[in-house]
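Here are the chains, one letter per residue:
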Amino acid sequence: MDVVKAVETYITKMVSTPSSMKVLLLDNHTTPIVSLSATQSILLSHQVYLTDKIDNKKRERMAHMKCICFLQPSEESFEALEAELREPKYGEYYLYFSNILSKTAIERLADVDEYEVVREVQEYFADYSPVLPCLFSLNNAPAAERPLYGNSPNVWDPKALERAVQGITAVLLSLKKKPVIRYEKSSPMAKKLGVEIQHRIQSEAQLFDFRLTQVPPLLLILDRRGDPVTPLLSQWTYQAMVHELLGVQNGRVDLSLVPDIRPELKEVTLTTTTDPFFQAHHLATFGDLGTALKSYVQSYQSHSLAHNPSTINSITDMKRFVEEYPEFRKLGGNVSKHVALVGELSRLVERDKLLELGEVEQGLATGSGADLRSVQALVANPAIQTLYKLRLVMLYALRYQKTQPQNVASLITLMLENGVSREDAKLVYVLLNIAGSDQRQEDLFSAESLLAKGRSALKGLKGVENVYMQHTPHLSQTLENLFKGRLRDTTHPFLDSAGPNAGLQRPGDVIIFMIGGTTYAEARVVALLNQEATSGGPTAAAGTRLLLGGTCIHNSSSFLDMVRTAATNFPESVYEPPPGSATNAPSLNLNLGGVNVSLGGAAPGVYRTSGEGVSLQTEGIKDGVRNLLGKVKQGVDRIAAQP
């Protein structure tokens, strides 16, 4: 179930015929899909000499060229294609659509093709962005003009629902899967999506006529509201950190705001298919990444010595130099890119005090120990950015919504006194109202139980990196229950009656779709389980292949933007303290001048039992990471300075 390979196969088929000079026309939707799946050199090798947008009216007429169009079957793209076919600029047209074409659409194309230039019309189901072999995105990040929710957190926006149905249908068709469907029972949106996909499968029975397997594949539909904690946390693995701190858009990272960045590094490509170092280390923790980068730089240094002009003493040396030089230059560019990325991550971690923040966040997310005073100190610290203060208070509110509502109210007031705007502070109540404990069907903070505390204590003995990697996304627990046949119908029912023992059967292929967006932290869980499954050992995941997808891939900023945008369409009550809040909870729609809250005192029962040891470990990690990255940067600077 490799979505990267599936989309690459489609694009290779598309550009292979005809065997002559070609133009490739795309629309706004298919452009990022192609850019993730095909490099310029691959397109050139298939004689694609020009890539452009279908709606660009300034293209020159080139009747000697053949034209390949890869478009989404949307009204906007059809209108642009109709205008193109009325006045064709190229000799022949080969039309490929990223999803199912209706009979009306085909008739519409036939009517407009007066010059009979269309040679082929086909459906190639590459209607999603393949980010990793086990991760896809529908690139449908919620915005004011493109909302996900309707007028409540339980209702789809109709366009967003249709887009989700199209995207998942395309994934299923490209992988040749006809699944049974399970959904998160507490989410009406999950059930609605499942019903619509089931209807689409039944109405396109011919397309879904695949060979049956003994246990059918499973499509598991989850809701982001079931785990609002994961997207709020600081990230400590390479790919997730880059997305959290810099942002990854369609495999590209914008470094133009990085101080003293070289011109060629202002925008870099970061995909596992084109970058061997990133392929090997995209799941690595920040500490391991520094060690790997140091080795990478040393490898480049040894190559650079081998390519020194003084080592060329014969015709054979010259031949070797000419053959290896392009690869050497490519290696040099890649080393510079990763040094720039890791150097900037390191600078941001230090500037924004993310190591201190990360430790408290992990304590809140897992129950390993973070008290009220730790949160208060960070919220009151002027060096901490307001976004991080808001995230921290949200995590505290999610954890202690029912047990310590007085402290939640006091933290909101403290936040307002320390630079967080009232508009942002409102989002704490919004999050509790749409994804608080009353809306979730499962307890995210079960580490309060004695058994889980024991597990947490054992985890802490395994290594100091666990200070920052203690939290595992709730998806991990859901999948573990699925593998062991413990995922109950009461929490994740089948859409249709699937038989009395259906829940006990382990499916060979599981596609998980997260409404409201997934995260790279969850993608890491899926990737590691896939690695376990193929290792051949007796693991829980043995024999099961996993694929994760979402409406988009979140970092904390995009998640908060989604919550902010969604709330504007909800009833005004979403901004008010949820039922059961403290009497001193500030109503953020009103003037707060009269509110007087005491901030003293510690939260009962949330003290860390072994705080001294953890803080010593944390200091060791901070110093180690800083020293290592400093040495790596010095080594690269030294190489760059060599004549």
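Residues numbered from 1 in each chain as written. Predicted model: local features only at pLDDT ≥ 70, side-chain atom pairs only at ≥ 80, totals over all residues. Heavy atoms only, no water.

An unreviewed UniProt entry lists the chain under the name Vacuolar protein sorting-associated protein 45, from Trametes pubescens. Taken verbatim from the UniProt record of the chain, the Sequence similarities (unreviewed entry) comment is "Belongs to the STXBP/unc-18/SEC1 family." (UniProt positions renumbered as here; feature names shortened; annotations may be inferred.)

Viewed as axis vectors pointing N to C, helix H13 (residues 372-380) and helix H14 (residues 386-400) meet at an angle of 160 degrees, and their least axial separation amounts to 9 Å. As far as their axial angle goes, H14 and H13 are roughly antiparallel. Classified by chirality, the crossing of H14 by H13 is left-handed. Residues Leu-372, Val-375, Leu-378 and Val-379 of H13 lie in contact with H14, whose contacting residues are Lys-389, Leu-392, Val-393 and Tyr-396. Residue classes in the contact of H13 with H14 are distributed as seven nonpolar, no polar and one charged. (Axes fitted to C-alpha atoms, helices over the stretch in contact; angles between N-to-C directions. Helix = DSSP H or I, 4+ residues; strand = E, 2+ residues; numbered from the N terminus. Parallel < 35°, antiparallel > 145°, perpendicular 65-115°, else oblique. Left-handed = near helix turned anticlockwise from the far one by under 90°. Contact = heavy atoms within 4.5 Å. Nonpolar A, V, L, I, M, F, W, Y, C, P; charged D, E, K, R; others polar.)

In total, this model carries eight cavities of 30 Å³ or more according to the counting rule given. Considered as a void within the structure, the largest cavity measures approximately 90 Å³ in volume. Lining the largest cavity, in full, are Glu-184, Leu-222, Asp-223, Gly-226, Asp-227, Glu-442, His-474, Leu-475, Thr-478, His-492, Met-514 and Glu-522. No other element matches helix H19 (residues 474-483), which puts three residues into the lining of the largest cavity. (1 Å grid on protein atoms, 1.4 Å probe; cavity = no way out; pocket = protein on both sides within 12 Å on 5 of 7 lines; lining within 4 Å. Points joined across faces, edges and corners; volume = space filled by probe spheres on them.)

Leu-193 and Ile-197 are the most contacted members of the largest nonpolar core, which totals 164 residues. Apart from the residues within four sequence positions on either side, Ile-197 is in contact with Val-165, Ile-168, Leu-172, Ile-181, Leu-219 and Ile-221. Counting residues in each nonpolar core, the second largest holds 21 residues, with Leu-25, Cys-69, Tyr-93 and Phe-97 among its members. (Core = buried A, V, L, I, M, F, W, Y, C linked by side-chain atoms within 4.5 Å. Buried < 20%, exposed > 50% of the residue type's maximum accessible area, 1.4 Å probe, protein only.)

This paragraph deals with the packing of aromatic side chains. For any pair of aromatic rings, the description consists of the separation of the ring centres together with the inter-plane angle of the planes. Following the criterion strictly, the structure yields 12 aromatic pairs and no others. Considering the side-chain rings of Trp-236 and Tyr-468, the 4.9 Å spacing of their centres and the 45 degrees angle between planes classify their relative orientation as tilted. A residue pair is termed long-range when its members are at least 10 positions apart, and Trp-236 in the loop between strand S9 (218-223) and helix H8 (238-245) and Tyr-468 in helix H18 (residues 466-469) qualify at 232 residues. On the basis of relative accessible area, Trp-236 is assigned to the buried category, the value being 6%. (Phe/Tyr/Trp six-rings, centres within 6.5 Å; stacked < 30°, edge-to-face > 60°.)

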